[in-house]
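Here is how the chains run, residue by residue.
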Amino acid sequence: PPLLQAASLRFAHPGRQPVLQDFSFSLFPGEKIAILGESGCGKSTFFQLILKLWQPQSGMLYWEGLPYSTIDDEKLREQIQAVTQNTYIFSASIRENFQKLFPSVTDDEIILALKRAKLYDFVQKLPDGLSSFVGENGCFLSGGQRQRLGIARALVRPAKLLLLDEPTAGLDALTARNLMETLLEEQKNSAILLITHDWRMLSFVGQSYLLRDGQLQLHTPTKKPGTV
């Protein structure tokens, strides 16, 4: 069965037109797919539904053939890693930002993930290292450092599904490409669902779709990846 399947989803914010309407989609294990679309078209809404943070008004989501309603929230989220443009950073230390998601994680695993995300050199220079407090939602970090911390958390343990919502926002082109290459290499067996406005990121996926009028349409790029 598909790893993730959406069947005739409908979702509307109160008092607004539906952003998803009769929305259907299938993602198979190991598949790499991008979703494109204008702001407000429902891309990020779909991610919230996948993470069980919101519920659709109608329709059904399935995980490995099982209805979402039958799956424990924590067990589902253990199998899904998300890196978003506004990745939430816990008001805690760097170490605790990993431990809250992976209680059994070791310092060695954290350090390796930080190195892969190109953040360890910065952490190493902090007076308290991994014990350094990052502030409310990571306010003591720069935008790029917050993004790298989110990517490092996604690199700590294998996931069946990676949700990437503008994962390289705030990073220069070279750093963005290097981090995407690292992310895909370390999670090469994971399915990936990528939201991006950056044409260069399409080179990392096998297929792309356009979300328009609440539904997905197969997308054929008119520009080559690497152009803007």
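See the structure above.
Residues numbered from 1 in each chain as written. Predicted model: local features only at pLDDT ≥ 70, side-chain atom pairs only at ≥ 80, totals over all residues. Heavy atoms only, no water.

Examining the overall build of the protein
Assigned secondary structure in the protein consists of seven helices and 10 strands. Relative to the globule expectation of 17 Å for 228 residues, the C-alpha radius of gyration of the protein, 18 Å, shows essentially globular dimensions. Counting only C-alpha atoms and orienting by the principal axes, one finds that the protein spans roughly 55 × 45 × 35 Å. Taking all 228 residues of the protein together, the buried fraction comes to 48%. Pairs at least 24 apart in sequence give 69% of the contacts found in the protein among residues at least 6 apart. Total accessible area on the protein stands at roughly 11,400 Å², and carbon and sulfur atoms take up 49% of it. A distance of 3 Å separates the average location of the 24 positive side-chain charges in the protein from that of its 23 negative side-chain charges. (Helix = DSSP H or I, 4+ residues; strand = E, 2+ residues; numbered from the N terminus. Rg over C-alpha atoms; globule rule 2.2 N^0.38 Å. Buried < 20%, exposed > 50% of the residue type's maximum accessible area, 1.4 Å probe, protein only. Contact = heavy atoms within 4.5 Å. Areas by Shrake-Rupley, 256 points an atom, 1.4 Å probe, with all protein chains shown as cover. Lys, Arg positive; Asp, Glu negative; His and termini not counted. Charge placed at Lys NZ, Arg CZ, Asp CG, Glu CD.)

A closer look at the sheet that holds strand S7 (residues 161-165)
Hydrogen bonds along the backbone pair up the strands of a sheet, which may run parallel or antiparallel. Judged by pairing direction, the sheet is mixed, and its six strands sit side by side in the order S6-S7-S8-S3-S9-S10 without closing on themselves. Looking at the sheet topology across the chains shown, the edges are occupied by strand S6 (80-84) and strand S10 (215-218). Taking the axes of each pair of neighbouring strands and ignoring which way they run, one obtains an average angle of 20° across the sheet. The pairing of S7 with strand S8 (residues 191-195) spans five bridges and is classified as parallel. (Pairing = 2+ DSSP bridges. Axes fitted to C-alpha atoms, helices over the stretch in contact; angles between N-to-C directions.)

Considerations on the nonpolar core
Ranked by internal contacts, the top residues of the largest apolar core, which has 40 residues, are Ile 94, Phe 98, Leu 114, Leu 149, Leu 164 and Leu 183. Every element with two or more residues in this core is listed here: strand S3 (32-36), helix H3 (94-99), helix H4 (107-116), helix H5 (120-125), helix H6 (143-156), S7, helix H7 (173-186) and S8. The element best represented in this core is H6, accounting for six residues. Here Leu 114 is in contact with Ile 94, Phe 98, Leu 119, Tyr 120, Val 123, Leu 130, Leu 149 and Ala 152, once residues within four sequence places are set aside. If you look at the next biggest cluster of nonpolar residues, it comprises 31 residues, including Leu 4, Cys 41, Leu 163 and Leu 211. (Core = buried A, V, L, I, M, F, W, Y, C linked by side-chain atoms within 4.5 Å.)

Observations regarding the environment of Gln 48
Secondary-structure assignment places Gln 48 in helix H1 (residues 43-50). Non-local contacts of Gln 48, meaning those with residues more than four positions away in its chain, are made with Leu 53 and Trp 54.

Brief notes about the sheet that holds strand S2 (residues 20-27)
Strand order in the open sheet formed by four strands is S2-S1-S4-S5, and the pairing between neighbours is antiparallel. Taken across any chain shown, the strands that pair with only one partner, and hence form the sheet edges, are S2 and strand S5 (66-67). Bridge count for strand S4 (residues 58-63) against S5 is two bridges, and the pairing is antiparallel. Considered in S5, the bridge of Trp 63 is made with Leu 66.

What to know about the packing of H4 against H6
Closest axis-to-axis distance for the H4/H6 pair is 8 Å, and the angle between their directions is 125°. Between H4 and H6, the angle is such that the two are oblique. The element H4 and its partner H6 pack so that their crossing is right-handed. Taken together, the residues of H6 that come into contact with H4 (itself represented by Glu 109, Ile 110, Ala 113, Leu 114 and Arg 116) are Leu 149, Ala 152, Leu 155 and Val 156. Per-class residue counts for the contact of H4 with H6 are seven nonpolar, no polar and two charged. (Parallel < 35°, antiparallel > 145°, perpendicular 65-115°, else oblique. Left-handed = near helix turned anticlockwise from the far one by under 90°. Nonpolar A, V, L, I, M, F, W, Y, C, P; charged D, E, K, R; others polar.)

A short note on the pattern of salt bridges
Enumeration over the complete set of coordinates arrives at seven salt bridges. Residue Asp 107 is joined to Arg 95 by a salt bridge in which the shortest nitrogen-to-oxygen separation is 2.9 Å. Here Arg 95 lies in helix H3 and Asp 107 lies in helix H4, a separation of 12 residues in the sequence. When its relative accessible area of 33% is taken as the criterion, Asp 107 is described as partly exposed. Residues Glu 186 and Arg 116 are paired through a salt bridge, measuring 3.2 Å at the closest nitrogen-oxygen approach. Within this pair, whereas Glu 186 is found in helix H7, its partner Arg 116 is found in helix H4, the two being separated by 70 residues in sequence. (Salt bridge = Lys/Arg side-chain N within 4 Å of Asp/Glu carboxyl O.)

Some remarks on the packing of H6 against H7
Packed helix pairs are specified by the crossing angle of their axes together with the interaxial distance, meaning the distance between the axes. One can describe the packing of H6 onto H7 by two numbers: an axis separation of 10 Å at closest approach and a directional angle of 15°. Classified by the angle their axes make, H6 and H7 are roughly parallel. Along this stretch, H6 crosses H7, giving a crossing that reads as left-handed. Residues Arg 148, Ile 151, Ala 154 and Leu 155 of H6 pack against Thr 175, Leu 179, Thr 182, Leu 183 and Glu 186 of H7. Taken together, the residues that form the contact of H6 with H7 break down as five nonpolar, two polar and two charged.

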